[in-house]
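Here are the chains, one letter per residue:
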Amino acid sequence: MIDVSNALRRVSLVALLGVMCCALTGQQTFEQLKAKGALRSSYRQHASQRALQAEPVPDLETFRKEIQPILAKACSQCHGPKKQKGDLRVDTLDADLFKGNDVDWWLEVLAVLTNGEMPPEDDVELGDEDRQRVIEWLASEMQVASSVRRATTKHSSFRRMTRYEYNYALQDLL
């Protein structure tokens, strides 16, 4: 029979020694590093500030002042009034990600900016700061708009599996 109390004492002693070793050498534990990283994350800070509002509203003012000029400068040559590559015109997209009709297009814009696919290198340069500002605004707006939509929608977005999918899912599990 195993003596549980002695085993627990050994485990707690090992954990205590690990914490003391980290304290003496100046290294941080995983939990300390995780908490420190969460505090530094600009994504979580921005989203938490928006989540504190009673009823979130679209941040159209920031879009008009900061984001729209960046997009006009970097994207209007290929996605503006004269040219519409990929059937996309950035200057006419609805910036209201909560109730607007262009959410799918904004997801596409976010994806190509995040991947560095747009703007092409031979065209207009988009600085790292500007790219980061657009990506942060789009990501935070998408997150808040998504949570608002989920809270106000009556139906779930989940779909049922077909009999074929269900059989294969069970085979994979079992």
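Just so you know, the residues in each chain are numbered from 1, in the order the chain's sequence is written. The predicted nature of this model means local features are confined to residues of pLDDT at least 70 and side-chain atom pairs, given and counted, to a pLDDT of 80 or more, with totals for whole chains, interfaces and linings taken over all residues. No hydrogens and no water enter the side-chain calculation; it runs on all heavy atoms of the structure.

Draft legend 1. Broad picture of the packing of aromatic side chains. Pairing of aromatic rings covers Phe, Tyr and the six-membered ring of Trp, with a centre-to-centre limit of 6.5 Å; geometry is then stacked below 30 degrees between planes, edge-to-face above 60, and tilted otherwise. Applying the stated rule across the entire model yields four aromatic pairs. Geometrically, the ring pair formed by Phe63 and Trp106 is edge-to-face, given 5.8 Å between the ring centres and 85 degrees between the ring planes. With Phe63 in helix H4 (residues 60-75) and Trp106 in helix H5 (residues 103-115), the pair connects residues that are 43 residues apart, well separated along the chain. Among the residues examined, Trp106 registers a relative accessible area of 0% and is labelled buried. Taken together, a centroid distance of 5.2 Å and an interplanar angle of 35 degrees make the contact between Phe63 and Trp137 tilted. In this pair, Phe63 is assigned in helix H4 and Trp137 in helix H6 (residues 128-152), connecting sequence segments 74 residues apart. Taken together, the ring pairs connect Phe63, Trp106 and Trp137 into an aromatic cluster. Labels follow the DSSP assignment, with helices taken as runs of H or I lasting at least four residues and strands as runs of E lasting at least two, numbered in each case from the N terminus. The cut-offs for exposure are 20% and 50% of the maximum accessible area for each residue type, with area from a 1.4 Å probe on protein chains only; residues under the lower value are buried, those over the upper are exposed, and the others partly exposed.

Draft legend 2. Main features of the side chain of Asp102. Within the fold, Asp102 resides in the loop between H4 and H5. Within the buried set, Asp102 has no salt-bridge partner at all; the shortest N-O distance to an opposite charge, 11 Å, is to Arg89. Any two residues whose heavy atoms approach within 4.5 Å are treated as being in contact. Not counting the four nearest positions on each side in its chain, Asp102 is found in contact with Thr92, Leu93 and Asp94. Asp and Glu are treated as the negative residues and Lys and Arg as the positive ones, with His and the ends of the chain left uncounted. The working definition used for a salt bridge is a side-chain nitrogen of Lys or Arg within 4 Å of a carboxyl oxygen of Asp or Glu.

Draft legend 3. Broad picture of the nonpolar core. Formed by 24 residues in total, the largest nonpolar core has its most connected members in Leu71, Leu97, Trp106 and Leu138. For this core, the secondary-structure elements that each account for two or more residues are H4, H5 and H6. Only buried residues count toward a nonpolar core, which is a set of Ala, Val, Leu, Ile, Met, Phe, Trp, Tyr and Cys residues joined through side-chain atoms within 4.5 Å.

Draft legend 4. Highlighting a nonpolar patch on the surface. Exposure above 30% relative accessible area and the absence of a salt bridge qualify a residue for a patch, where like charges join within 9 Å and nonpolar side chains (Val, Leu, Ile, Met, Phe, Trp, Tyr) within 5 Å. Here the open area of atoms and residues is found with the Shrake-Rupley method and a 1.4 Å probe, where only the protein chains shown may cover a residue. Residues Met161, Tyr166, Leu170, Leu173 and Leu174 make up a contiguous nonpolar surface patch of roughly 600 Å² in combined accessible area. Counting through the fold element by element, Leu174 comes out in the segment after helix H7 (163-173). Classification of Leu174 as exposed rests on a relative accessible area of 87%.

Draft legend 5. Quick look at H5. Any helix carries an expected span of 1.5 Å times its number of residues minus one. With 13 residues, H5 should reach 18 Å at 1.5 Å per residue; the first-to-last C-alpha distance of 18 Å fits that figure. Buried residues of H5: Val103, Trp106, Val109, Leu110, Val112 and Leu113, and no others. On the buried face of H5, the contacting elements are H4 and H6. Directly beyond the C-terminal end of H5, a positive phi value near 80 degrees is found at Gly116.

Draft legend 6. How the structure looks around the state of the cysteines. Cysteine sulfur atoms that pair up within 2.5 Å are treated as a disulfide. Applying the stated criterion across every chain yields a total of zero disulfides. Of all cysteine sulfurs, the one in Cys78 lies closest to Cys75, which takes part in no disulfide; the gap is 8.5 Å. On the accessibility criterion, Cys75 (14% relative accessible area) is buried.

Draft legend 7. Structural context of the packing of H4 against H6. Every axis in this analysis is a line fitted to C-alpha atoms, fitted for helices over the stretch in contact. Angles between the N-to-C directions lie between 0 and 180 degrees. Remark: H4 packs on H6, axes separated minimally by 10 Å, with the N-to-C direction vectors making an angle of 130 degrees. Considering the angle they form, H4 stands oblique to H6. For the pair H4 and H6, the sense of crossing is left-handed. Seen from H4, the contacting residues are Thr62, Phe63, Glu66, Ile67, Ile70, Leu71 and Lys73; seen from H6, they are Asp130, Arg133, Val134 and Trp137. Angle categories are assigned with fixed cut-offs, so that under 35 degrees is roughly parallel, over 145 is roughly antiparallel, 65 to 115 is roughly perpendicular, and the rest are oblique. Each crossing gets its hand from how the near helix is turned against the far one by less than a right angle, where anticlockwise is left-handed and clockwise is right-handed.

Draft legend 8. Just unusual backbone geometry, in detail. Here the bond from Met118 into Pro119 is cis, since omega is -15 degrees, no more than 30 degrees from zero. Among the secondary structure elements, Pro119 is positioned in the loop between H5 and H6. Phi angles above zero are rare outside glycine, and Asp87 is one such case at about 55 degrees. Relative to the helices and strands, Asp87 is located in the loop between H4 and H5. With a relative accessible area of 68%, Asp87 lands in the exposed category.

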